[in-house]
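Coordinates in review
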Amino acid sequence: MAAKAATNRISDKKRETKETTISVRLNLDGKGEAKIDSGIGFFDHMLEGFAKHGFFDLTLACEGDLHVDGHHTVEDCGIVLGEAIKEACGNKEGINRYGHMILPMDDALVLCAVDLCGRPYLQYDASFPTENIGYLDTELIREFFYALSWSAGMNIHIKVISGINSHHICEAMFKSFAKALDAATTRDPRISNVLSTKGSL
């Protein structure tokens, strides 16, 4: 498998509503550097892990209505990050399209598989022992991946195989997604156009 080519696969996206104001800059061919400020500390930690383990450079800033709860912030960050992934992938020529990872973190073992097919779908088989991890409501994790799958136009399958610690489960989830997406966006010199019999993705 060829290493990622050093090309300009960078996206800048902004979204402003009455509930959130979000800006995202994503470089698919980065070094894993992140600058995250969502207002929810544990969510920041997860996005930093996503960037680090996917070798993506990611800057994300969000001002959300956290006086209500974290729902709009987490969901809308998923929307904007998904849009950035879609834009940065461009026409998807030469990329693997598929990626998967089974990632361990202590007690937790999480499977993630993705397909950059242009069709949104989320299969999410996960539960958490606790309702919150820090200030992040664990039910919002599904909302994040659901929003991201739809705005990016990608299949995401996440399955928690084992785990007893909510922090470990969630971190393994974000890291496995990062590794799967990194594999899917990596270029293969054997792919001259797009990896589809239809000729487009």
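Structure report, in brief. (Residues numbered from 1 in each chain as written. Predicted model: local features only at pLDDT ≥ 70, side-chain atom pairs only at ≥ 80, totals over all residues. Heavy atoms only, no water.)

1. Observations regarding the overall build of the protein chain
Each helix and strand in the protein chain was counted, giving four helices and ten strands. Listed N to C, the secondary structure of the protein chain is β-β-β-α-β-α-β-β-β-β-β-α-β-α in terms of helices and strands. By the compact-globule yardstick of 17 Å for 201 residues, the protein chain fits well, its C-alpha radius of gyration being 16 Å. A principal-axis box enclosing the C-alpha atoms of the protein chain has dimensions of 50 × 40 × 30 Å. Put simply, the protein chain has 201 residues, and 51% of those count as buried. The averaged location of the 28 negative side-chain charges in the protein chain is 10 Å from the averaged location of its 21 positive side-chain charges. (Helix = DSSP H or I, 4+ residues; strand = E, 2+ residues; numbered from the N terminus. Rg over C-alpha atoms; globule rule 2.2 N^0.38 Å. Buried < 20%, exposed > 50% of the residue type's maximum accessible area, 1.4 Å probe, protein only. Lys, Arg positive; Asp, Glu negative; His and termini not counted. Charge placed at Lys NZ, Arg CZ, Asp CG, Glu CD.)

2. Topic: the environment of Phe-177
By secondary structure assignment, the location of Phe-177 is in helix H4 (residues 166-185). Accessibility expressed as a relative area gives 1% for Phe-177, which makes it buried. Considering only alpha carbons, one finds Phe-177 and Ile-164, 13 residues apart in sequence, at a separation of 20 Å. Once residues within four sequence positions are removed from consideration, Phe-177 is found in contact with Phe-50, Cys-112, Val-114, Phe-145, Leu-148, Met-154 and Ile-156. (Contact = heavy atoms within 4.5 Å.)

3. A short note on the pattern of salt bridges
Scanning the entire structure with this criterion turns up eight salt bridges. A salt bridge links Asp-115 to Arg-97; the nearest nitrogen and oxygen atoms lie 2.7 Å apart. Here Arg-97 lies in the loop between helix H2 (71-89) and strand S5 (98-105) and Asp-115 lies in strand S6 (residues 108-115), a separation of 18 residues in the sequence. As far as the burial class goes, Asp-115 and Arg-97 line up, both buried. We note a salt bridge from Glu-171 to Lys-175, for which the minimum N-O separation is 3.0 Å. Here Glu-171 and its partner Lys-175 are both found in helix H4, four residues apart, which amounts to about one turn of the helix. Overall, the relative accessible area of 15% leaves Lys-175 in the buried class. (Salt bridge = Lys/Arg side-chain N within 4 Å of Asp/Glu carboxyl O.)

4. Remarks on the nonpolar core
Residues Phe-145, Ile-156, Met-173 and Phe-177 are the most contacted members of the largest nonpolar core, which totals 57 residues. Ranked by residues supplied to this core, first place goes to H4 with ten residues. Once residues within four sequence positions are removed from consideration, Ile-156 is found in contact with Cys-112, Ala-113, Val-114, Tyr-121, Leu-122, Gln-123, Phe-145, Leu-148, Ser-149 and Phe-177. (Core = buried A, V, L, I, M, F, W, Y, C linked by side-chain atoms within 4.5 Å.)

5. What to know about the packing of H2 against helix H3 (residues 139-152)
In a pair of packed helices, the angle between the axes and the distance between the axes together describe the arrangement. Direction vectors running N to C along H2 and H3 enclose 30°, while the axes themselves pass 7 Å from each other. Compared by their axis directions, H2 and H3 come out roughly parallel. As for how H2 packs across H3, the hand of that crossing is right-handed. Packed against H2, whose contacting residues are His-71, Val-74, Glu-75, Cys-77, Gly-78, Ile-79, Leu-81, Gly-82, Glu-83, Ile-85 and Lys-86, the element H3 presents Leu-140, Glu-143, Phe-144, Ala-147, Leu-148, Ser-151 and Ala-152 at the interface. Residues belonging to the contact of H2 with H3 are distributed by class as follows: ten nonpolar, four polar and four charged. (Axes fitted to C-alpha atoms, helices over the stretch in contact; angles between N-to-C directions. Parallel < 35°, antiparallel > 145°, perpendicular 65-115°, else oblique. Left-handed = near helix turned anticlockwise from the far one by under 90°. Nonpolar A, V, L, I, M, F, W, Y, C, P; charged D, E, K, R; others polar.)

6. Digging into unusual backbone geometry
Phi angles above zero are rare outside glycine, and Lys-92 is one such case at about 70°. Relative to the elements of secondary structure, Lys-92 occurs in the loop between H2 and S5. Since its relative accessible area comes to 6%, Lys-92 is described here as buried. Unlike most non-glycine residues, Asp-106 shows phi in positive territory, near 55°.

7. Remarks on the sheet that holds S6
Spatially, the four strands line up as an open sheet ordered S5-S6-S10-S7, and their pairing is mixed. The strands lining the two open edges of the sheet, one partner per strand, are S5 and strand S7 (121-125). Between one strand and the next, the sheet's axes are offset by a mean angle of 10°, whatever the strand orientation. Summarising the sheet, S7 and strand S10 (residues 155-162) pair through five bridges and their orientation is parallel. Each residue of the ladder has a partner; that of Tyr-124, found in S10, is Ile-158. Sitting on the sheet, H3 is in contact with S7 and S10, with an inclination near 160° to S7. Against the sheet, H4 engages S5, S6, S7 and S10, with an angle of about 150° to S5. (Pairing = 2+ DSSP bridges.)

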